Amino acid sequence: MKRTFLLAWMTLLLANAFAQVTQGDEYATQRFSLEDSINWGNITQQQVEHLIGMAANGHSTSQYYLGRCYFNGYGVKKDRLKAVECYGQAAEKDNTEALYYLGFCYKYGFGVTKNEAKAEQLFGRSVKWLNEEIDNHPYAPYYLALCYNYGFGVDFDHEKCVELYLKAAMMGNSQALVNLAIEYQLGNNLMKDSQKAVEYLQKAADWGNPQAQLLLGYCYLDGDGVEKDKDKAQEYFKMAAGQGLSKAVEALAK
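Residues numbered from 1 in each chain as written. Predicted model: local features only at pLDDT ≥ 70, side-chain atom pairs only at ≥ 80, totals over all residues. Heavy atoms only, no water.

Student: Help me out: how do you make sense of the pattern of salt bridges in this one?
Tutor: Pairs can form between side chains of opposite charge whenever their charged atoms are close. Counted under the stated rule, the structure contains nine salt bridges. As a salt-bridge pair, Lys 128 and Glu 132 come within 2.8 Å of each other at their nearest N and O atoms. Here Glu 132 and Lys 128 lie together in helix 8 (residues 116-132), a separation of four residues that amounts to about one turn. Between Lys 160 and Glu 163 there is a salt bridge, with its nearest N and O atoms 3.4 Å apart. Of this pair, Lys 160 and Glu 163 both sit in helix 10 (residues 158-170), separated by three residues, roughly a single helical turn. (Salt bridge = Lys/Arg side-chain N within 4 Å of Asp/Glu carboxyl O. Helix = DSSP H or I, 4+ residues; strand = E, 2+ residues; numbered from the N terminus.)

Structural data, given as structure tokens:
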């Protein structure tokens, strides 16, 4: 495993506060969602201002997204206390993603006093909905996979996690493909397979996922799973930077 790839991935993972095979092409060609913009860290100031207005009017999804913005400092000053407040407002309306992230905050003490019992209660409520919507919502299997990967609200089950990443990918979730690539790149309870990792990253990059483009750039830079090609690496860094991914801008400057 190449050091640059690992460092890039860990940076993206932390930035997301933790973060589509052929059948999914139909979904992936649709306009990217606000969820995607926040996961990728390239939400615009205009989007943030719209969220603030909608959240003030009690719109639960906007409250959840605004919480993500405050947690990571996207378009607003990073404020974990404010993030928890936004997550809490959305969670009161049973917003599943807000329940998940509020549970995350309680589990690790981000913006609130650490409370594992409270975290498990919130994760449990989130898991119940995710199971109900697993065939209808492209982010349901993705978030459920994260729950199994970390043991949030369910017993840790890596095999189930990978199964759900695949399901999410087939529903058009490019972030699930990126996570699958990392599983193969790091050999986390899977046979390490750098070429398989590149295959998944290439698919996600073709679908426009800037994180995949960044990581694919590092693969070409290091010759990890592909033939070393600095020009190709720069090409993918530029693609990701063009979508506002700050880490790709940094990669280009090196």
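Having seen the structure, we can now continue with the description.
Student: How do you make sense of the packing of helix 9 (residues 140-150) against helix 11 (residues 174-186) when you look at a structure like this?
Tutor: In helix packing, the relevant descriptors are the interaxial angle and the interaxial distance, both defined with respect to the helix axes. The geometry of helix 9 relative to helix 11 is characterised by a closest axis approach of 10 Å and an angle of 30° between their N-to-C directions. By the angle class used here, helix 9 and helix 11 are roughly parallel. For the pair helix 9 and helix 11, the crossing hand works out as left-handed. Between helix 9 and helix 11, the residues in contact are Tyr 142, Leu 146 and Asn 149 and Gln 175, Ala 176, Asn 179 and Glu 183, respectively. (Axes fitted to C-alpha atoms, helices over the stretch in contact; angles between N-to-C directions. Parallel < 35°, antiparallel > 145°, perpendicular 65-115°, else oblique. Left-handed = near helix turned anticlockwise from the far one by under 90°. Contact = heavy atoms within 4.5 Å.)

Student: What is the right way to look at unusual backbone geometry in this model?
Tutor: For residues that are not glycine, phi is negative in most cases, and the peptide bond is trans in most cases. At Asp 94, a residue that is not glycine, the phi angle is positive and equals roughly 60°. Assignment of secondary structure puts Asp 94 in the loop between helix 6 (80-91) and helix 7 (96-108). On the basis of relative accessibility, which here comes to 49%, the residue Asp 94 falls in the partly exposed class. (Buried < 20%, exposed > 50% of the residue type's maximum accessible area, 1.4 Å probe, protein only.)

Student: Help me understand helix 14 (residues 230-242) in this model?
Tutor: With 13 residues, helix 14 extends 18 Å between its outermost C-alpha atoms, agreeing within 8% with the 18 Å of an ideal straight helix rising 1.5 Å per residue. Turning to helix 14, its buried residues are Ala 233, Tyr 236, Phe 237, Ala 240 and Ala 241. All buried residues of helix 14 project into a common sector of 140° when viewed along the axis, lining one side. Exposed residues on helix 14 whose side chains face more than 90 degrees from its buried face are Asp 231, Lys 238 and Gly 242. In this structure, the buried side of helix 14 is in contact with helix 12 (194-206), helix 13 (210-222) and helix 15 (246-253). Looking at the residues trailing helix 14, positive phi occurs at Gly 244, about 90°. (Expected span 1.5 Å × (residues − 1). Arc of directions from axis to C-beta.)

Student: Would you mind going over the packing of aromatic side chains with me for this structure?
Tutor: If you walk through the whole model with that rule in mind, you get 24 aromatic pairs. With a centroid separation of 5.9 Å and an interplanar angle of 25°, the aromatic rings of Tyr 87 and Tyr 101 are classed as stacked. Taken together, the positions of Tyr 87 in helix 6 and Tyr 101 in helix 7 put the pair 14 residues apart, joining distant regions of the chain. Accessibility assignment for this pair places Tyr 87 and Tyr 101 in one class, buried. With 6.4 Å between their ring centres and 45° between their planes, Tyr 108 and Phe 110 make a pair best called tilted. Residue classification places Tyr 108 among the partly exposed positions, given a relative accessible area of 40%. Classification of Phe 110 as partly exposed rests on a relative accessible area of 28%. We note Arg 80 situated over the ring of Phe 71; from NZ or CZ to the ring centre the distance is 3.8 Å. (Phe/Tyr/Trp six-rings, centres within 6.5 Å; stacked < 30°, edge-to-face > 60°. Lys NZ or Arg CZ within 6 Å of the ring centre and 35° of its normal.)

Student: Is there a simple way to explain the packing of helix 11 against helix 12 in this structure?
Tutor: Where helix 11 meets helix 12, the axes come as close as 8 Å, and the angle between the chain directions of the two elements is 165°. The angle between helix 11 and helix 12 places the two elements in the roughly antiparallel class. Helix 11 and helix 12 meet at a crossing whose hand is left-handed. Residues Ser 174, Leu 177, Val 178, Leu 180, Ala 181, Tyr 184 and Gln 185 of helix 11 touch helix 12, and the partners they reach there are Ser 194, Lys 196, Ala 197, Tyr 200, Leu 201, Lys 203 and Ala 204. Each residue belonging to the contact of helix 11 with helix 12 can be placed in one class, and the counts come to nine nonpolar, three polar and two charged. (Nonpolar A, V, L, I, M, F, W, Y, C, P; charged D, E, K, R; others polar.)

Student: Is there a simple way to think about helix 13 in this case?
Tutor: In an α-helix, one turn spans 3.6 residues; hence positions three or four apart end up facing the same way. In a regular helix each residue adds 1.5 Å, so 13 residues correspond to 18 Å; helix 13 covers 18 Å between its end C-alpha atoms and thus fits that length. Counting buried positions along helix 13 gives twelve out of 13 residues, so the element sits mostly inside the fold. For helix 13, the side-chain oxygen to backbone nitrogen distance between the N-cap and Gln 211 is 2.9 Å, and the N-cap itself is Asn 209. Following helix 13 by one or two positions, Gly 223 adopts a phi angle in the positive range, close to 70°. (Polar contact = N/O pair within 3.5 Å; in protein donor to acceptor, adjacent residues only side chain to side chain.)

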